[in-house]
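Descriptive analysis of the structure
Here are the chains, one letter per residue:
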Amino acid sequence: LSPPPAAAAGGRAAARRDLGLGPDEPVALFIGRDATLKGFDRVLQALAAQGGRAPRLLAVGDGTEGYRAEAARLGLGERILWQGGPSDVRHCFLAADLLLHPARRDNTAKVVAEALGYGLAVIVSGTGGYAPVGSDSRARLVLDGAFAQP
């Protein structure tokens, strides 16, 4: 993955330092106002399936903190940086390598376009109107069909 364009100006390094992340560790990002609708539980299941290879996760959004017990049960508690409700998330975009957006339903998902604008790769579900976004950039993966997770 290529670092976001702002990395050239030191933005990436500063954002990672401010968040307590290492300069080279893989970092995924989830942003969503409705964590359940946006598929945060799916993110946790996918990361748990990766075991020790799972990236660190920046979790931003209303409702994500309600999943702390599930994250701990799955052994992910230390891998997640809980950022609370969305406010100024530029530092999260700068620090991340990848956006995870496995929404159950989302018609526009502005966050996908924003992530691509920051130079992030994105993984999205095929259930939203945003699935074609980024197809020309080869910076996205669309997961077809239903997830094995609930």
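Residues numbered from 1 in each chain as written. Predicted model: local features only at pLDDT ≥ 70, side-chain atom pairs only at ≥ 80, totals over all residues. Heavy atoms only, no water.

Observations regarding the overall build of the protein
- Scanning the protein from N- to C-terminus turns up 5 helices and 6 strands.
- Moving toward the C terminus, one meets the helices and strands of the protein in the order α-β-α-β-α-β-α-β-α-β-β.
- The 150 residues of the protein split such that 44% are buried.
- For the protein, long-range pairs separated by at least 24 residues make up 60% of all intrachain contacts whose partners lie at least 6 apart in sequence.
- Split by element, the accessible area of the protein, about 7500 Å² in all, is 52% carbon and sulfur. (Helix = DSSP H or I, 4+ residues; strand = E, 2+ residues; numbered from the N terminus. Buried < 20%, exposed > 50% of the residue type's maximum accessible area, 1.4 Å probe, protein only. Contact = heavy atoms within 4.5 Å. Areas by Shrake-Rupley, 256 points an atom, 1.4 Å probe, with all protein chains shown as cover.)

Looking at helix 2 (residues 40–50)
- Within helix 2, the full set of buried residues consists of Phe40, Asp41, Arg42, Val43, Leu44 and Leu47.
- Those residues of helix 2 that are buried lie in contact with strand 1 (27–31), strand 2 (56–60), helix 3 (68–73), strand 3 (80–82), strand 4 (98–101) and strand 5 (121–125).

Description of the pairing of strand 5
- The element strand 5 is extensively covered by neighbouring structure, given that 4 of its 5 residues are classed as buried.
- Where strand 4 lies against strand 5, 4 bridges are found, and the strand directions are parallel. Residue pairing across strands places histidine 101 opposite valine 124, the latter belonging to strand 5.
- With respect to chirality, the unit in which strand 4 leads through helix 5 (residues 110–117) into the neighbouring parallel strand 5 is right-handed. (Pairing = 2+ DSSP bridges. Right-handed = clockwise from strand over helix to strand, strands pointing away.)

Details of the nonpolar core
- The biggest cluster of nonpolar side chains holds 23 residues, and the ones touching the most others in it are Leu21, Leu29, Ile31, Leu58, Phe93, Leu99 and Val112.
- Those elements giving two or more residues to this core turn out to be helix 1 (11–19), strand 1, strand 2, helix 4 (90–95), helix 5 and strand 5.
- Of all the elements, helix 4 adds the most residues to this core, at 4 residues.
- Residues Ala28, Ala71, Leu98 and Leu100 belong to the second largest nonpolar core, which totals 18 residues. (Core = buried A, V, L, I, M, F, W, Y, C linked by side-chain atoms within 4.5 Å.)

So, the packing of aromatic side chains
- The full count for this structure, using the stated rule, is 4 aromatic pairs.
- An angle of 65° between the planes, with centres 6.0 Å apart, marks the rings of phenylalanine 40 and tryptophan 82 as edge-to-face. Of the two residues, phenylalanine 40 is situated in helix 2 and tryptophan 82 in strand 3; the sequence distance between them amounts to 42 residues. Side by side, phenylalanine 40 and tryptophan 82 carry an identical accessibility label, which is buried.
- Summarising the aromatic geometry, the rings of phenylalanine 93 and tyrosine 118 are spaced 4.8 Å apart at their centres and angled 10° between planes, so their arrangement reads as stacked. Note that phenylalanine 93 is positioned in helix 4 and tyrosine 118 in the loop between helix 5 and strand 5, a separation of 25 residues in sequence.
- Given a relative accessible area of 21%, tyrosine 118 falls into the partly exposed group.
- Clustering of aromatic rings is evident, with ring pairs tying together Phe30, Phe40, Tyr67 and Trp82. (Phe/Tyr/Trp six-rings, centres within 6.5 Å; stacked < 30°, edge-to-face > 60°.)

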